[in-house]
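What follows is each chain in one-letter form.
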Amino acid sequence: MTPGRHRADAPDDALPLPAGAGSVAEWTDRYTHAVMDTFGPPQRVLVRGEGPYVWDADGRRYLDLLGGIAVNSLGHAHPTLTAAVSAQLGTLGHVSNFFASPTQIALAERLLALAGAPGGSRVFLTNSGTEANEAAFKLLRRHSDGARPRVLALEGGFHGRSMGALALTHKPAYRAPFEPLPGGVEFLPFGDTEALEAAFAEGGDQVAGLVVEPLQGEAGVRALPPGYLARARELTRAHGALLVLDEVQSGMGRTGRWFAYQHPHLGGGVVPDVVTVAKGLGGGFPVGGLIAFGPDVASLLSRGQHGTTFGGNPVAAAAALATIGVIERDGLLAHVTALGERLRARLAATGNPLVREVRGEGLLIAVELAAPVAVRVAADALDAGIVVNPCTPTTLRIAPPYVLTDEQAQPFVDFVAALPPEPVEETP
Ligand SMILES: *Cc1c(COP(=O)(O)O)cnc(C)c1O
């Protein structure tokens, strides 16, 4: 590279961007030779996005109802987010955690306020969901000075892929290749209050905490039954254990409130001890965080006990502040609630017998199918220009941007209405 070529006033053609135009097929071939095969072959190679749409390298447009898995809350290339990130990067892009920045501090304050956290609460900023849960796990280990080896989590729960978060994640296929994982985690049947009571009835004082998603995302958009979290709060409090809510997917406005636990019917009015966030927080920029409620929980991880180079990065914090700011300025929480209700009603009203149930909250929605054909149906949707996710063999999940309109969503309703009512059985 010629010296000076990185300067902002250099012409665009001087940017050291990856070379080449190519078709989806050409890029896919290059992918298979360069990118580790942990995700399987990419469904498409995407080059551009705008609002709820993305374009692939062949120039085809798709309605993106997955939003990067509940991440792109403002859609693609939102001008306010783009401007905020560019301005921050052009002002101060990164400092280590030997230093602080105004955006980092302001984001921590905003998260505390949105969560309704009491005085003395504090935030630890991360770059992803798994890191937020990793911090939560370490915090639980510090609870009672490590004298509480038990950690409770739920079957079907997903908390991330790093070793600590994986130890909290139930799915055997994710866990088995990496054992031994950090110990002490016990999985309870999903939403089973009696099982929860039994877990505390014996050795309850050795439980450091219970880690749950108020609304399980990966397991197929499953809400905890009414009353479960309230009972969990009573039991954890009675035994001195902490209640950790993983809102990585359900938080930051996804369900029409800032956090799912703030819905009376989902949260039952609970005040948690710890909330983790990521996905939608930065509107597409990688950023996450852990919110510790109250001074006792907030001081469990003390100086030197945890750290990160990138966490709290000024650009990531600016992205999160801009995303939160647009959600507030444009009244998007109310829009998410109203659009989500209408969309679920319209999907249910298709009357297609292949649709067994439509469920969810806000814009985290599952279409439950009457046959295990979700993978094929999602592939057909993609061919028809719509991105959805088969998160279980029978479940289509959508998590579209909050800026989606009824008209933009209509092709998906039409697609569901037109699904062949008697599907061919999925071949294993
Ligand atoms: C996606 C997800 C995570 C992991 O987040 P990453 O950013 O992928 O590490 C953790 N918990 C829940 C509930 C999630 O949906």
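Basis of the calculations
- Residues numbered from 1 in each chain as written.
- Predicted model: local features only at pLDDT ≥ 70, side-chain atom pairs only at ≥ 80, totals over all residues.
- Heavy atoms only, no water.
- Pairing = 2+ DSSP bridges.
- Helix = DSSP H or I, 4+ residues; strand = E, 2+ residues; numbered from the N terminus.
- Axes fitted to C-alpha atoms, helices over the stretch in contact; angles between N-to-C directions.
- Contact = heavy atoms within 4.5 Å.
- Polar contact = N/O pair within 3.5 Å; in protein donor to acceptor, adjacent residues only side chain to side chain.
- pLDDT = per-residue confidence, 0-100.
- Buried < 20%, exposed > 50% of the residue type's maximum accessible area, 1.4 Å probe, protein only.
- Domains from an automatic or database assignment.
- Buried area = accessible area lost by both parts, 1.4 Å probe.
- Arc of directions from axis to C-beta.
- Near = heavy atom within 4 Å.
- Areas by Shrake-Rupley, 256 points an atom, 1.4 Å probe, with all protein chains shown as cover.
- Nonpolar A, V, L, I, M, F, W, Y, C, P; charged D, E, K, R; others polar.

Caption draft 1: Structural context of the sheet that holds strand 16 (residues 389-392). In space, the four strands of this open sheet follow the order 13-14-17-16, with antiparallel pairing throughout. In this open sheet, the two edge strands, each paired with only one partner strand, are strand 13 (355-361) and strand 16. Averaged over neighbouring strand pairs, the angle between their axes works out to 30° when direction is ignored. Note: strand 13 against strand 14 (residues 364-369), six bridges, orientation antiparallel. Looking at strand 14, one finds that E357 is bridged to E368. Across the face of the sheet, helix 13 (residues 332-349) comes into contact with strand 13, strand 14 and strand 17 (395-398) while running at roughly 175° to strand 13.

Caption draft 2: Spotlight on the side chain of T308. For T308, the position within the fold is in the loop between helix 11 (294-298) and helix 12 (314-329). Reaching out from T308, the side chain makes a polar contact with the backbone nitrogen of G311 at a distance of 2.8 Å.

Caption draft 3: Quick peek at the confidence of the model for the protein. This prediction gives the protein a mean pLDDT of 94; 94% of its residues lie at or above 70. Low pLDDT, under 50, characterises residues 1-11; the predicted model gives this stretch four contacts beyond four residues in sequence or across chains.

Caption draft 4: Highlighting the pairing of strand 12 (residues 288-292). Burial within strand 12 is extensive, with five of its five residues counted as buried. Bridge count between strand 4 (residues 122-126) and strand 12: five bridges; the pairing is antiparallel. Residue pairing across strands places T126 opposite G288, the latter belonging to strand 12. One ladder, built from four bridges, connects strand 11 (residues 274-277) with strand 12; its direction is antiparallel.

Caption draft 5: Spotlight on the domain arrangement of the protein. Each assigned domain of the protein is listed here: domain 1 (12-72 + 331-417) and domain 2 (84-329). The gap between the C-alpha centroids of domain 1 and domain 2 is 26 Å. In this assembly, 24 residues from domain 1 lie in contact with 26 residues from domain 2. Across the interface of domain 1 and domain 2, roughly 2,000 Å² is buried in total on both sides, 57% from carbon and sulfur atoms. Among the residues domain 1 hides against domain 2, the three largest losses belong to L333, E361 and L364. Together they make up 32% of the total.

Caption draft 6: Layout of helix 14 (residues 374-383). Within the sequence span of helix 14, burial applies to A374, V377, A378, A381 and L382. The buried residues of helix 14 occupy one face: seen down the axis, they fall within an arc of 145°. Residues of helix 14 that are buried in the fold lie against strand 3 (61-64), strand 14, strand 15 (386-387), strand 16, strand 17 and helix 15 (406-417). Where helix 14 ends, the next residue or the one after it, G385, has phi of about 90°, a positive value.

Caption draft 7: Quick look at the environment of G75. Along the polypeptide, G75 turns up in the loop between helix 2 (67-70) and helix 3 (79-89). Along the sequence, G75 and F415 sit 340 residues apart, while their C-alpha atoms lie 21 Å from each other. Sequence-distant contacts of G75, that is, excluding residues within four places in its chain, are made with G51, G283, P401 and V403.

Caption draft 8: Geometry of the site of the ligand. Taken together, S128, G129, T130, N133, F158, H159, G160, E213, D246, V248, Q249 and K279 make up all the residues around the ligand. Here an oxygen atom of the ligand and a backbone polar atom of T130 are 2.8 Å apart. For the ligand, whose free accessible area comes to 380 Å², the fraction covered by protein is 82%. Ranked by residues supplied to the shell around the ligand, first place goes to helix 5 (residues 129-142) with three residues. The residue inventory of the shell around the ligand, partitioned by class, reads two nonpolar, seven polar and three charged.

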